[in-house]
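So the chains spell out like this:
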Amino acid sequence: MEVHGTVAEGFEPVREAFVRNFTALGERGAAVAVYRDGRRVVDLWGGTRDVDGDAPWQRDTAQVVRSATKGVAAAVLLLLHQRGELDLDAPVGHYWPEFKARGKERVLVRHVLNHRAGVPVLDRPLTPREALDPLRGPEAVAAQAPVWEPGTDHGYHALTYGWMLDELVRRVTGQGTGAWLARHLAAPLGLDLWLGLPDTEAHRVGRVGRVEGPEPAGGVRMRPKRSVTAAYQDPASLTRRAFAAISPFPDQNDPAYRRAALPAANGIATADALARLYAALTDGLDGAPALFTPETVRLARAEESAGPDRVLVVGTRFGLGYMLHGSASPLLSPGSFGHPGRGGALGFADPESGIAFGYVTNGFRRTVTADPRAQALVRAVRQALSGRM
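Residues numbered from 1 in each chain as written. Predicted model: local features only at pLDDT ≥ 70, side-chain atom pairs only at ≥ 80, totals over all residues. Heavy atoms only, no water.

(A) Representation of helix α1 (residues 12-24). The end-to-end C-alpha separation of α1 is 18 Å, in line with the 18 Å expected for 13 residues at 1.5 Å each. Within the span of α1, buried status applies to Pro13, Val14, Ala17, Phe18, Asn21 and Phe22. Taken together, the buried residues of α1 touch β1 (3-7), β2 (29-36), β3 (39-47) and α14 (372-386). Of the residues flanking the end of α1, it is Gly26, one or two places downstream, whose phi is positive at about 75°. (Helix = DSSP H or I, 4+ residues; strand = E, 2+ residues; numbered from the N terminus. Expected span 1.5 Å × (residues − 1). Buried < 20%, exposed > 50% of the residue type's maximum accessible area, 1.4 Å probe, protein only. Contact = heavy atoms within 4.5 Å.)

(B) A look at the environment of Ala8. Its place among the elements puts Ala8 in the loop between β1 and α1. Accessibility expressed as a relative area gives 19% for Ala8, which makes it buried. Sequence separation between Ala8 and Thr200 is 192 residues; the distance between their C-alpha atoms is 33 Å.

(C) Fine view of the nonpolar core. Leu113, Trp163, Phe292, Tyr322 and Phe337 are the most contacted members of the largest nonpolar core, which totals 79 residues. With 10 residues, the single largest contributor to this core is helix α2 (residues 68-82). Formed by 27 residues, the second largest nonpolar core is a distinct cluster that contains Ala8, Ala30, Leu377 and Val381. (Core = buried A, V, L, I, M, F, W, Y, C linked by side-chain atoms within 4.5 Å.)

(D) Layout of the pattern of salt bridges. For the structure on display, the rule yields 26 salt bridges. Of the charged contacts in the structure, one is a salt bridge between Asp60 and Arg204, with a shortest N-O distance of 3.6 Å. Note that Asp60 is positioned in the loop between β3 and β4 (63-64) and Arg204 in the loop between β5 (193-194) and β6 (209-210), a separation of 144 residues in sequence. Residue classification places Asp60 among the partly exposed positions, given a relative accessible area of 37%. Glu303 is paired through a salt bridge with Arg317; the nearest N and O atoms lie 2.7 Å apart. Here Glu303, found in the loop between α13 (294-301) and β8 (305-308), pairs with Arg317, found in strand β9 (residues 315-318); they are 14 residues apart in sequence, far enough to count as distant. Among the residues examined, Glu303 registers a relative accessible area of 47% and is labelled partly exposed. When salt bridges that share partners are traced, they join Glu98, Asp166, Glu167, Arg170 and Arg171 into one network. (Salt bridge = Lys/Arg side-chain N within 4 Å of Asp/Glu carboxyl O.)

(E) Molecular detail of the pairing of β8. Of the pairings in the sheet, the one linking β8 to β9 comprises four bridges and is antiparallel in character. Paired with Ala306 across the two strands is Arg317, which belongs to β9. Where β8 hands over to β9, the hairpin turn is made up of six residues, of which Val313 adopts a positive phi near 75°. (Pairing = 2+ DSSP bridges.)

(F) Layout of the side chain of Thr270. Looking at the element boundaries, Thr270 is found in the loop between β7 (268-269) and α12 (271-282). Residue class for Thr270 comes out buried when judged on its relative accessible area of 3%. Every residue in contact with Thr270, bar those within four places of it in the chain, is listed here: Asp60, Thr61, Ala62, Asp192, Arg204 and Val360.

(G) Representation of the environment of Asp251. Looking at the secondary structure, you find Asp251 in the loop between α10 (238-243) and α11 (255-259). Residue Asp251 is classed as partly exposed on the basis of its relative accessible area of 47%. Along the sequence, Asp251 and Pro128 sit 123 residues apart, while their C-alpha atoms lie 8.8 Å from each other. A polar contact is formed between the side chain of Asp251 and the backbone nitrogen of Asn253, at a distance of 2.9 Å. (Polar contact = N/O pair within 3.5 Å; in protein donor to acceptor, adjacent residues only side chain to side chain.)

(H) Broad picture of the pairing of strand β11 (residues 337-340). What you see with β11 is no split at all: Phe337 and His339 on one side and Gly338 and Pro340 on the other are buried throughout. Judged from the two bridges that link them, strand β10 (residues 323-324) and β11 form a sheet pairing that is antiparallel. Bridge pairing in β11 links Met323 to Gly338. Where β11 lies against strand β12 (residues 346-350), four bridges are found, and the strand directions are antiparallel. When the bridges of β12 are listed, Pro340 appears paired with Leu346.

(I) Fine view of the packing of aromatic side chains. Inspection of the entire model under this criterion finds nine aromatic pairs. Ring centres of Tyr156 and Phe318 lie 6.2 Å apart, and the angle between their planes is 10°; on these two criteria the pair is classed as stacked. Placement of Tyr156 in the loop between α6 (136-142) and α7 (160-173) and of Phe318 in strand β9 is noted, with a sequence separation of 162 residues between them. Like Tyr156, the residue Phe318 is buried in the burial classification. (Phe/Tyr/Trp six-rings, centres within 6.5 Å; stacked < 30°, edge-to-face > 60°.)

(J) Broad picture of the side chain of Lys104. Relative to the assigned elements, Lys104 resides in the loop between α3 (92-95) and α4 (109-113). Summary of buried charges: Lys104 has no salt-bridge partner, and the nearest side chain of opposite charge, Glu105, is 7.9 Å away. If sequence neighbours within four positions are ignored, Lys104 has contacts with Phe99, Val119, Val141, Ala142, Ala143, Gln144 and Pro146. (Lys, Arg positive; Asp, Glu negative; His and termini not counted.)

This is the structure:
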């Protein structure tokens, strides 16, 4: 298997794991990037750009990263809070009055980020066409009654998270999350990362699709045990309804889908862009200070929700906008924070070690939070840091 790119001395285990993903785990096309203390130490890519094609993956190939988008979008909200433009402890209805309908008056901004808002489902799912309209998703969530008392429990808001976050950004700044991200983060940091793909960049984005392969030993899968299997098969369950808030789900290779901005689901990025963003947030790049203050880093990774997840069924841990290290979503260490994308992608930061990590793939698996290919790469980074070969 031919793999392209470079690794710094000591990070050779990551290259070895990346190659094994192709030879043993059925990888079709992928890239991984790692920064340490703001400096790139791993930059690898290989395979094909399209899951069903033979054109080679290039260094600047980008892919849909699914829910890894949530961590990117969370950075926007936390930076607005850091700038004094948004109060995490204010009711969402303070910024968005229509949201207060049907018992949501006490939903706080922080409840959107820590998955305690109580609105992970829509009684009437949106059609694909409706979902791509930036106004319809927020309108539907605003009209939705909570399914538990907001603030009292947590459950993964698989799609509604993005509509709530996007409308908050719009009400505070006058522009959507994708536009704010492009102007304030992607352009200044040189990130190949989009929430709303410009037509001029469409040629760089590969086709994604479902692939089969070995299941992970841990984390949340589509079928990790009977209770989760039953939840996904039950049309009335919160699990099934949360992931079906758009029904049927749009074709992720459709240009119209990629042009839209769904901050919970359809960000498009290179592996380097994911890693570089997390490095910029926590360590700074090219001598510049970190974008997150120490207090904002604390907010991102302080445990806000933990235990049995009312949507994912298994135990999950969340900070403000980020999944935290745990059995459902293993990251590098207990201090790591980031977000996986269902079926593959992963981005995170580990402030103690100075590591920022990004992985993207064109082959999606059954996994929800802990893909075996991403986990193999994380273990290799841990091995490189420990000095064990």
